[in-house]
Amino acid sequence: MRINNPLLTILTCLTLCAMLILTNQLWDTQVATADGISPTSLQEGRFNPIQEEEEREYEEEEREYEEEEGEYTEDEHDEGEHDEEEHFDDRENEHREIEATLGRLEVIRQLAEIAENDTATAAYALMQMEEVFEEEDQAIEVLNQLLSTNPAKPIKNLIRMKLVEAHLWSDQTEEATEVLIELIKD
């Protein structure tokens, strides 16, 4: 017999699917192991023989281990937790050391990148000068010497910028203005 009506075909397929699902659910609840239907299967309304076998094996291994080692006392349990905490702390320290090393490597990489460019290197050196000189007058004197001896225009501009900052720190606004004018002219 051939069905030409698509709606009837779809309804027939849905009915067959529903019957298969119901049959499968009935089958799952009625299947039993050699020991009978497991409590897990009864609770969940299904049966999974692989899961049941794994659970039984785990319980047997646990019993065997307890028989060999004996029951844990509270002190032994606490020692086990303490060992786990020490292991966790060790791992955490290792991670911190690795992160610190990676951070140092990143700084070195950035410094190497700066070192490839003369202007960037001069900018780095000028930034570090802030740490070296305690007084603005010392910084101004060194910057003026660098300005008179350095021929590269970008580096001269950097020195002038730093010189403006030094003059402003020491409240020498007229000198700072002169240097700014030189920056604009060049």
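Everything that follows concerns the structure shown earlier in this document.
Analysis parameters
- Residues numbered from 1 in each chain as written.
- Predicted model: local features only at pLDDT ≥ 70, side-chain atom pairs only at ≥ 80, totals over all residues.
- Heavy atoms only, no water.
- Helix = DSSP H or I, 4+ residues; strand = E, 2+ residues; numbered from the N terminus.
- Contact = heavy atoms within 4.5 Å.
- Areas by Shrake-Rupley, 256 points an atom, 1.4 Å probe, with all protein chains shown as cover.
- Patch = residues over 30% accessible without salt bridge, like charges linked within 9 Å, V, L, I, M, F, W, Y side chains within 5 Å.
- Salt bridge = Lys/Arg side-chain N within 4 Å of Asp/Glu carboxyl O.
- Expected span 1.5 Å × (residues − 1).
- Buried < 20%, exposed > 50% of the residue type's maximum accessible area, 1.4 Å probe, protein only.
- Arc of directions from axis to C-beta.
- Lys, Arg positive; Asp, Glu negative; His and termini not counted.
- Charge placed at Lys NZ, Arg CZ, Asp CG, Glu CD.
- Core = buried A, V, L, I, M, F, W, Y, C linked by side-chain atoms within 4.5 Å.
- Axes fitted to C-alpha atoms, helices over the stretch in contact; angles between N-to-C directions.
- Parallel < 35°, antiparallel > 145°, perpendicular 65-115°, else oblique.
- Left-handed = near helix turned anticlockwise from the far one by under 90°.
- Nonpolar A, V, L, I, M, F, W, Y, C, P; charged D, E, K, R; others polar.

Participant: Can you tell me about the overall build of the chain, naming the residues and giving the values?
Facilitator: Scanning the chain for helices and strands turns up 8 helices and 0 strands. When the elements of the chain are put in sequence order from the N terminus, they spell out α-α-α-α-α-α-α-α. Taking the intrachain contacts of the chain between residues at least 6 apart in sequence as the baseline, contacts between residues at least 24 apart amount to 31%. When the accessible area of the chain is evaluated, it comes to approximately 15200 Å², of which 54% is carbon and sulfur surface.

Participant: So what's going on with a nonpolar patch on the surface? Which residues, and what values?
Facilitator: A contiguous nonpolar surface patch, about 410 Å² in accessible area, is contributed by Ile 98, Leu 102, Leu 105 and Ile 108. Within the secondary structure, Ile 108 is located in helix 4 (residues 74–115).

Participant: Can you tell me about helix 6 (residues 136–149), naming the residues and giving the values?
Facilitator: Its 14 residues give helix 6 an end-to-end C-alpha distance of 20 Å, which sits within 8% of 20 Å, the value for a rise of 1.5 Å per residue. When helix 6 is considered as a whole, its buried residues turn out to be Ala 139, Ile 140, Leu 143 and Leu 147. Here the buried residues of helix 6 occupy an arc of 100 degrees about the axis, which is enough to place them on one side. Residues of helix 6 that are exposed and point over 90 degrees away from its buried face: Glu 141, Ser 148 and Thr 149. In this structure, the buried side of helix 6 is in contact with helix 5 (118–132) and helix 7 (153–169).

Participant: Please give an account of a negative patch on the surface that cites residues and values.
Facilitator: Taken together, the side chains of Glu 57, Glu 59, Glu 60, Glu 61, Glu 62, Glu 64, Glu 66 and Glu 67 present a region of like negative charge at the surface. For Glu 57, the position within the fold is in helix 3 (residues 49–69). On the basis of relative accessibility, which here comes to 40%, the residue Glu 57 falls in the partly exposed class.

Participant: Break down the nonpolar core for me, with residues and values.
Facilitator: Within the largest apolar cluster, 16 residues are counted, with the highest numbers of intra-cluster contacts made by Leu 126, Met 129, Leu 143, Ile 159 and Leu 163. Of all the secondary structure elements, the ones that give two or more residues to this core are helix 5, helix 6, helix 7 and helix 8 (173–185). Ranked by residue count, the leading element in this core is helix 7, at 6 residues. Beyond its immediate stretch of four places on either side in the chain, Met 129 contacts Val 142, Leu 143 and Leu 146.

Participant: Provide a residue-level description of the packing of helix 6 against helix 7, including the pertinent values.
Facilitator: Helix 7 packs onto helix 6 with a crossing angle of 160 degrees between their chain directions and a minimal axis gap of 9 Å. One finds that helix 6 runs roughly antiparallel with respect to helix 7. Helix 7 is crossed by helix 6, and the crossing has left-handed handedness. Between helix 6 and helix 7, the contacting residues are Glu 136, Ile 140, Leu 143, Asn 144, Leu 146 and Leu 147 on the first element and Lys 156, Ile 159, Arg 160, Lys 162, Leu 163, Ala 166, His 167 and Trp 169 on the second. In terms of residue class, the contact of helix 6 with helix 7 is built from 8 nonpolar, 2 polar and 4 charged.

Participant: Account for the pattern of salt bridges, naming residues and giving values.
Facilitator: Under the criterion given, the structure shown has 7 salt bridges. A salt bridge links Glu 106 to Arg 109; the shortest N-O distance between them is 2.6 Å. One end of the pair is Glu 106 and the other is Arg 109, both in helix 4 and 3 residues apart, which spans about a single turn. For Arg 109, a relative accessible area of 41% puts it in the partly exposed group. Notably, a salt bridge pairs Arg 109 with Glu 113, separated by 3.0 Å at the nearest N-O pair. A residue pair is termed a helical-turn pair when its members lie 3 or 4 positions apart in one helix, as Arg 109 and Glu 113 do in helix 4 at 4 residues.

Participant: Which residues make up the packing of helix 7 against helix 8, and what are the values?
Facilitator: When two helices pack together, their arrangement is given by the angle between the helix axes and by the axis-to-axis distance. For the pair helix 7 and helix 8, interaxial distance at closest approach is 8 Å and the crossing angle is 165 degrees. Here helix 7 lies roughly antiparallel to helix 8, going by the angle between them. Crossing geometry of helix 7 relative to helix 8 is assigned as left-handed. Across the interface between the two elements, Asn 157, Arg 160, Met 161, Leu 163, Val 164, His 167 and Leu 168 from helix 7 touch Thr 173, Glu 175, Ala 176, Val 179, Leu 180, Glu 182 and Leu 183 from helix 8. Each residue belonging to the contact of helix 7 with helix 8 can be placed in one class, and the counts come to 8 nonpolar, 3 polar and 3 charged.

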